[in-house]
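Observations on the three-dimensional arrangement
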Amino acid sequence: METVGFLLNGFQEALTPLNIFLALVGCFIGTIIGALPGIGPVNGVAILIPLAFTLQLPAGSALILMSCVYYGCMYGGRISSIMLNIPGDEPAMMTCLDGYPMAKSGKAPEALAISGIASFVGGATSTVGLMLFAPILVQFAIHFGPAEYFSLYVLAFVTIGGVTGSNPAKTLLAATIGLMLGTVGLDPQSGVARFTFGDIHLYDGFQPIVAIVGLFAISEVLVLLETHHSERTGALPVNRAFARWADIKGTFGTMIRGSGVGFIAGVLPGAGASLGSFLAYTIERRISDEGNTFGTGNPKGVAAPEAGNNAAAGGALVPMLALGVPGSGTTAVLLALLISLNITPGPLLFQDQPQLVWGLIASLFMANVFLLLLNLPLVGVFTRMLSIPLWALMPFVVMISFVGVYSISHSTFDLVVMAAFGIFGFILRKLDIALVPVVLGLLLGSAMEANMRRALAISAGDPWIFVSSSISIGLYVATALFLVAAIYMAVSNRPLIDKPNEDEKGLNAD
Amino acid sequence: MSDRIAGAIFLALAVWCWIAAGEYAVDFSDPAGPALFPRMVALPLGLLSLFLIIRPDPDPGWIRWPQVAGQIATIAVLFVYPALLEPAGFPLATMLATVVLAKILGASWLQAVLGSIVVSFGLFILFDWGFGLPLPIGSIFG
């Protein structure tokens, strides 16, 4: 029952006026970011991180603000899926399938209400899951030495390669590119300048936040310029979300199942919310599709993916907080925030700064309640925002990225780096190379290297230390299994002789 | 073909990193030294690049007319803006950049100019006055 005590302390931390205010602001901004097509959760959180950083909030408060934005995005994404048939963010893609048909047949209020409640169930379930599972993982991880951490990082990079992206070779390549970028700068142990071409600007390496804003936000603008449709059909005005109790009751089992599936998908490294909503939808269709109504406006087809993506959002926080290995793109960005605040996630965080961890968990419970309130009675505010034209939105996104990055270091060099990463990210996306592993490599590279060198220092250079404990061996076996599965899947999906199918693989591959 | 070119570039990068890391040897008690990790990364980087060269995916569509003109103009804005920011000041540089970006996205001149005034002064007031983060004001407004 010590969890209850921790949680009560957490609520004490979360219920300060500042933190309540930040949680509300975060939920509101997050819902907007999620609802607006073109700025997804990764971009939104990436753009806002420099702000959280420069406002010089206490670490716990900054984390609360950004996590509420993150949860808010997951709630908001469904709004434009339902109203416009355009997912507000990637995880909300599955919600289009049944949400938009519901809206077309005049059931938009029901679709918004059911998906809002499903989001709440998913979010609340996964926050409970986070509260229960993260400490267990911490108990386990407390025995990790440098060699075990090194094998954990190897596992994380390989699972990301297996789970995200169609071509595992490209995803693994992305991770190695990120790791290589992470070695640029002065080596913290020996002070040797690596890959800097003698340029003093590069001695500190690439600022992860600058790189992330460039890779995600700026490349997104370039992609949008190519794919945007000149005219967007406006959404019908909907002032509130409303559903009869009977409608909601019928989808309750769906919400619980979706939450469970989503949470597990979220905990897996590299999978994240998109996989959570996808799995939740597919499984629900298999379980309860009576008379092939999925895809034609079945309320369960709205409840399942929304419960799934919100649950995955909470699930992805588990490995990020307990191990320092993020489970999704957005949690990778949150990790960048923690690192810039000089906080190292992992088992020690739970021991040394329990008020930060439990304050966060308590505010996530709070955020779910705020978000339910924001998203049911006030949903009209957000649907009206869908008619903001692209010419007003996109320049604003670019400029706020510039201000945010500039306000960290007051260096125009960082702005150039950000722009360069934007173009690099655009090229990688064109080549179908995932960006999340690049960011993870850049973020985790230095910790991975430090653990490797510490392990070798302990063993006086004997490499057998990496396979000297059963934990390491277990992690390497898991890595090997993932690798084999990923290669098997890649080979069986693709014929050995490349067929020319340029036409199918169009621009919207990502 | 795109994958082959990218693979060749990344392969060259991996080889260069491997060679460049060779100069980082230091004779401290650190058994790994600053060279081992970059080399451990360069190896899979090189192998995966080779894979890309041997088994490339079909080419993506790189250029789509007329959108590419807007993309090039946007990239120009992204690089001109940092150069302009400190000499011209935040409000003016931001206004110019926003007008160009809004025009690229199909705004009318009136919309673009009004929007740019809102964005540039809005952000300036919010950050400089609201959050107390000094932004360069430039000689025109200073």
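Residues numbered from 1 in each chain as written. Chains lettered and ligands numbered in written order. Predicted model: local features only at pLDDT ≥ 70, side-chain atom pairs only at ≥ 80, totals over all residues. Heavy atoms only, no water.

1. Remarks on the overall build of chain B
Helix and strand counts for chain B stand at six helices and zero strands. Reading chain B from its N end, one meets helices and strands in the order α-α-α-α-α-α. In terms of overall size, chain B is more extended than a compact globule, its C-alpha atoms giving a radius of gyration of 24 Å where 142 residues would be expected to give roughly 14 Å. Projected onto the principal axes, the alpha-carbon positions of chain B cover approximately 60 × 45 × 20 Å. Burial status across chain B gives 44% buried among its 142 residues. Partitioning the intrachain contacts of chain B with sequence separation of at least 6 by distance along the chain shows that 62% fall at a separation of at least 24. (Helix = DSSP H or I, 4+ residues; strand = E, 2+ residues; numbered from the N terminus. Rg over C-alpha atoms; globule rule 2.2 N^0.38 Å. Buried < 20%, exposed > 50% of the residue type's maximum accessible area, 1.4 Å probe, protein only. Contact = heavy atoms within 4.5 Å.)

2. Remarks on the overall build of chain A
What chain A contains, in helices and strands, is 21 helices and two strands. Each principal axis of the C-alpha atoms in chain A carries an extent, and together these give about 70 × 60 × 50 Å. With 510 residues in all, chain A has 61% of them scored as buried. Within chain A, contacts between residues separated by at least 24 positions form 79% of all contacts whose residues are at least 6 apart in sequence. As presented, chain A carries roughly 19100 Å² of accessible surface, and 66% of it is formed by carbon and sulfur atoms. (Areas by Shrake-Rupley, 256 points an atom, 1.4 Å probe, with all protein chains shown as cover.)

3. Examining the state of the cysteines
Summed over the entire model, instances satisfying the criterion amount to zero disulfides over all chains. Unpaired in terms of disulfides, A:Cys27 finds its nearest cysteine sulfur in A:Cys68, a separation of 4.5 Å. (Disulfide = S-S within 2.5 Å.)

4. Looking at the interface of chain A and chain B
Taken together, the contacts link 71 residues of chain A with 64 residues of chain B. Linking chain A with chain B are two salt bridges. Ionic pairing is found between A:Lys170 and B:Asp57, a salt bridge with its closest N-O pair at 2.8 Å. Between chain A and chain B we count nine residue pairs in polar contact (both at pLDDT 80 or more) in total. (Salt bridge = Lys/Arg side-chain N within 4 Å of Asp/Glu carboxyl O. Polar contact = N/O pair within 3.5 Å; in protein donor to acceptor, adjacent residues only side chain to side chain.)

5. Some details on the pattern of salt bridges
All names here are of chain A. Going through the model one piece at a time under the given rule, you end up with nine salt bridges over all chains. We note a salt bridge from Glu284 to Arg257, for which the minimum N-O separation is 3.0 Å. Of this pair, Glu284 sits in helix α12 (residues 272-288) while Arg257 sits in helix α11 (residues 252-267), and the two are 27 residues apart along the sequence. The partly exposed category is assigned to Arg257, whose relative accessible area is 35%. Its salt-bridge partner being Glu449, residue Arg453 comes within 2.8 Å of it at the nearest N-O pair. Of the two residues, Arg453 and Glu449 both sit in helix α20 (residues 436-458), four residues apart, roughly one turn of that helix. There is no split in this pair, since Arg453 and Glu449 are both buried.

6. A few points about the nonpolar core
Grouped together as the largest cluster of nonpolar side chains are 205 residues, with contacts concentrated most on A:Met66, A:Tyr70, A:Met399 and B:Tyr81. With 16 residues, the top contributor of residues to this core is helix α4 (residues 59-84) of chain A. Counting contributing residues per domain, this core is built from domain 1 (2-54) and domain 2 (67-141) of chain B, each supplying no fewer than three. Among all residues touching A:Met399, those that are not within four sequence positions of it are B:Tyr81, B:Thr94, B:Ala97, B:Thr98, B:Leu101, B:Val119 and B:Leu123. (Core = buried A, V, L, I, M, F, W, Y, C linked by side-chain atoms within 4.5 Å. Domains from an automatic or database assignment.)

7. Some remarks on a nonpolar patch on the surface
Residues and elements named next belong to chain B. Nonpolar side chains collect at one region of the surface, where Val15, Trp18, Ile19, Leu43, Leu47, Leu50 and Ile54 lie side by side and expose about 700 Å² of accessible area between them. Listing elements by their share of the nonpolar patch, those giving two or more residues are α1 (2-21) and α2 (33-54). Counting residues per element, the nonpolar patch draws most heavily on α2, at four residues. Secondary-structure assignment places Ile19 in helix α1. On the basis of relative accessibility, which here comes to 55%, the residue Ile19 falls in the exposed class. (Patch = residues over 30% accessible without salt bridge, like charges linked within 9 Å, V, L, I, M, F, W, Y side chains within 5 Å.)

8. Quick look at the environment of A:Met448
Counting through the fold element by element, A:Met448 comes out in helix α20. Given a relative accessible area of 6%, A:Met448 falls into the buried group. The contact partners of A:Met448, leaving out residues within four places of it in the chain, are A:Phe150, A:Tyr153, A:Val154, A:Phe157, A:Leu179 and B:Phe37.

9. Considering the domain arrangement of chain B
Per the domain assignment, the segments making up chain B are domain 1 (2-54) and domain 2 (67-141). On a C-alpha basis, the centres of domain 1 of chain B and domain 2 of chain B stand 40 Å from each other.

10. Brief notes about the confidence of the model for chain B
Per-residue confidence for chain B averages 87 on the pLDDT scale, and 96% of its residues sit at or above 70. Averaged pLDDT values over the elements of chain B bottom out at 72 in helix α6 (residues 138-141) of chain B and peak at 93 in helix α4 (residues 90-104) of chain B. (pLDDT = per-residue confidence, 0-100.)

11. Quick word on the side chain of A:Ser219
On the secondary structure map, A:Ser219 appears in helix α9 (residues 208-227). Reaching out from A:Ser219, the side chain makes a polar contact with the backbone oxygen of A:Leu215 at a distance of 2.5 Å.

12. Remarks on the packing of aromatic side chains
Residues and elements named next belong to chain A. Inspection of every chain in the model, using the stated rule, returns 15 aromatic pairs over all chains. Both rings, one in Tyr149 and one in Tyr153, keep their centres 6.4 Å apart while their planes meet at 35°; by these two values the pair is tilted. Of the two residues, Tyr149 and Tyr153 both sit in helix α7 (residues 146-163), four residues apart, roughly one turn of that helix. Residues Tyr149 and Tyr153 agree in their burial class; the two are buried. Here the aromatic residues Phe140, Phe144, Tyr149 and Tyr153 are joined through ring pairs into a cluster of three or more. (Phe/Tyr/Trp six-rings, centres within 6.5 Å; stacked < 30°, edge-to-face > 60°.)

13. Some remarks on the packing of helix α18 (residues 390-409) of chain A against helix α3 (residues 67-88) of chain B
Where α18(A) meets α3(B), the axes come as close as 12 Å, and the angle between the chain directions of the two elements is 50°. Taken together, the axes of α18(A) and α3(B) are oblique relative to one another. The handedness of the crossing between α18(A) and α3(B) is right-handed. Side by side, α18(A) and α3(B) meet where A:Val398, A:Met399, A:Phe402 and A:Tyr406 of the first sit next to B:Leu78, B:Tyr81, B:Pro82, B:Leu85 and B:Glu86 of the second. (Axes fitted to C-alpha atoms, helices over the stretch in contact; angles between N-to-C directions. Parallel < 35°, antiparallel > 145°, perpendicular 65-115°, else oblique. Left-handed = near helix turned anticlockwise from the far one by under 90°.)

14. Re helix α19 (residues 412-430) of chain A
Its 19 residues place the ends of α19(A) 27 Å apart at the C-alpha level, agreeing with the 27 Å of an ideal helix rising 1.5 Å per residue. Three or more residues of α19(A) are buried, namely A:Asp414, A:Leu415, A:Val417, A:Met418, A:Ala419, A:Phe421, A:Gly422, A:Gly425, A:Phe426, A:Leu428, A:Arg429 and A:Lys430. The inward-facing, buried residues of α19(A) contact α8 (168-182), α9, α18 and α20 of chain A together with α1 and α3 of chain B. Of the residues that open α19(A), the one with a side-chain oxygen 3.2 Å from the backbone nitrogen of A:Phe413 is A:Ser411. (Expected span 1.5 Å × (residues − 1).)

15. Overview of the environment of B:Gly138
All names here are of chain B. Assignment of secondary structure puts Gly138 in helix α6. In sequence terms Gly138 and Pro87 are 51 residues apart; their C-alpha atoms lie 6.3 Å from each other. With residues up to four places along the chain from it excluded, the contact list for Gly138 reads Pro87, Ala88 and Gly89.

16. Considerations on unusual backbone geometry
All names here are of chain A. Residue His410 is not a glycine yet carries a positive backbone phi of 50°. Mapped onto the fold, His410 is located in the loop between α18 and α19. Positive phi values are uncommon outside glycine, yet Asp432 reaches one of about 65°. Looking at where Asp432 falls in the secondary structure, it is placed in the loop between α19 and α20.

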